[in-house]
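Tertiary structure, described
One-letter residues, chain by chain:
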Amino acid sequence: MYKFFSQEKNNSSGFTIVELIIVVGMISIFSGLALPSFLNWIRIEKVNSYTRELREYFRVVRLNARRWGSICDVNTNIITYNGVPNDKNYFGYSVTCRNNSIGINSLAPPINNSIFQISNKNFRFTPNGRVSSDGSIVIVIGSKYFNTGARMLNCLVIKSPTGHILKGKFSENDWISNQMSVSQIDLRNILSPEKCKTS
């Protein structure tokens, strides 16, 4: 019986310090490889989320104009590079509807410094839900980190005069700088509906 207990004491199990160092090293290497991909995925999802929210917001503004028989002016708010403080009170667009426009601006999706948007012009929804503009409205949304990894440009095309809103991917990206304004109007005539490949 004494022999049995003495053998139990000598057969200790566990990991050696070398094995633990190797495992910790492997975990740190794998997490170092996965982190940039994970960050790019988060940045792309922020762009996708804002694009979906903006599309839905314009649909609500259009329906609101039809519901109340009102004219709704949609204006781009100009916001410089990193011009949004850490709060939810900054919006890329302001909407002014004549008659009953109660609370329409409170539905606008907030914008932050991690994304940018650029639109080709301000526009107006008429009382019958159509767009009063000489051409289609194009809005491009991208990540602030476009040049360092999150290489995706979403676009919205609001057809004139029907007001139909289409989502797609913008085909050109050579005009993007490292310090894009958060929200701006295209003054160089870069944006056109033909460059937005809708699905």
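Let me begin by describing the structure that accompanies this report. (Residues numbered from 1 in each chain as written. Predicted model: local features only at pLDDT ≥ 70, side-chain atom pairs only at ≥ 80, totals over all residues. Heavy atoms only, no water.)

As a rule of thumb, soluble globular proteins bury nonpolar side chains together. Core analysis: the largest hydrophobic core is formed by 29 residues, its most contacted members being Phe58 and Ile139. Of all elements in the fold, only α2 (17-68), β1 (72-76), β2 (93-97), β4 (123-125), β5 (137-143) and β6 (153-158) reach the threshold of two or more residues within this core. Sort the elements by how many residues they give to this core and α2 lands first, with 7 residues. With near-sequence residues (within four places) excluded, isoleucine 139 lies in contact with Leu54, Phe58, Tyr93, Ile118, Ser119, Asn154, Cys155, Leu156 and Ile158. Listed in part, the 15 residues of the second largest apolar core include Val157, Trp175, Ile190 and Cys196. (Core = buried A, V, L, I, M, F, W, Y, C linked by side-chain atoms within 4.5 Å. Buried < 20%, exposed > 50% of the residue type's maximum accessible area, 1.4 Å probe, protein only. Helix = DSSP H or I, 4+ residues; strand = E, 2+ residues; numbered from the N terminus. Contact = heavy atoms within 4.5 Å.)

With that out of the way, let us pick up the sheet that holds β2. One open sheet holds the 3 strands; their spatial order is β2-β1-β4, and the pairing between them is antiparallel. Across the chains shown, the open sheet's two edge strands, defined by having one partner strand only, are β2 and β4. When strand polarity is set aside, the average angle formed by the axes of neighbouring strands in this sheet is 25°. In the sheet, β1 pairs with β2 via 5 bridges, with the strands oriented antiparallel. Across the sheet, threonine 76 pairs through a bridge with tyrosine 93, a residue of β2. (Pairing = 2+ DSSP bridges. Axes fitted to C-alpha atoms, helices over the stretch in contact; angles between N-to-C directions.)

For any two aromatic rings, the description comes down to two numbers: the centre-to-centre distance and the angle of the planes. A full pass over the atoms with the stated rule returns 6 aromatic pairs. Their ring planes at 85° and their centres at 6.2 Å tell us that phenylalanine 170 and tryptophan 175 sit as a pair that is edge-to-face. Each member of the pair, phenylalanine 170 together with tryptophan 175, is buried. Aromatic rings pair up to connect Tyr57, Phe58, Tyr93, Phe123 and Phe125 into one cluster. Stacked on the ring of tyrosine 145, the Lys or Arg arginine 43 has its end atom at 3.8 Å from the ring centre. (Phe/Tyr/Trp six-rings, centres within 6.5 Å; stacked < 30°, edge-to-face > 60°. Lys NZ or Arg CZ within 6 Å of the ring centre and 35° of its normal.)

The next subject is the state of the cysteines. With the rule as written, the count across this model stands at 2 disulfides. A sulfur-sulfur distance of 2.0 Å marks the disulfide that ties cysteine 72 to cysteine 97. Every disulfide takes its handedness from the sign of the S-S torsion; for cysteine 72 and cysteine 97 that torsion is 110°, giving right-handed. Residue cysteine 72 is found in strand β1, and its partner cysteine 97 is found in strand β2; the two are separated by 25 residues along the sequence. (Disulfide = S-S within 2.5 Å.)

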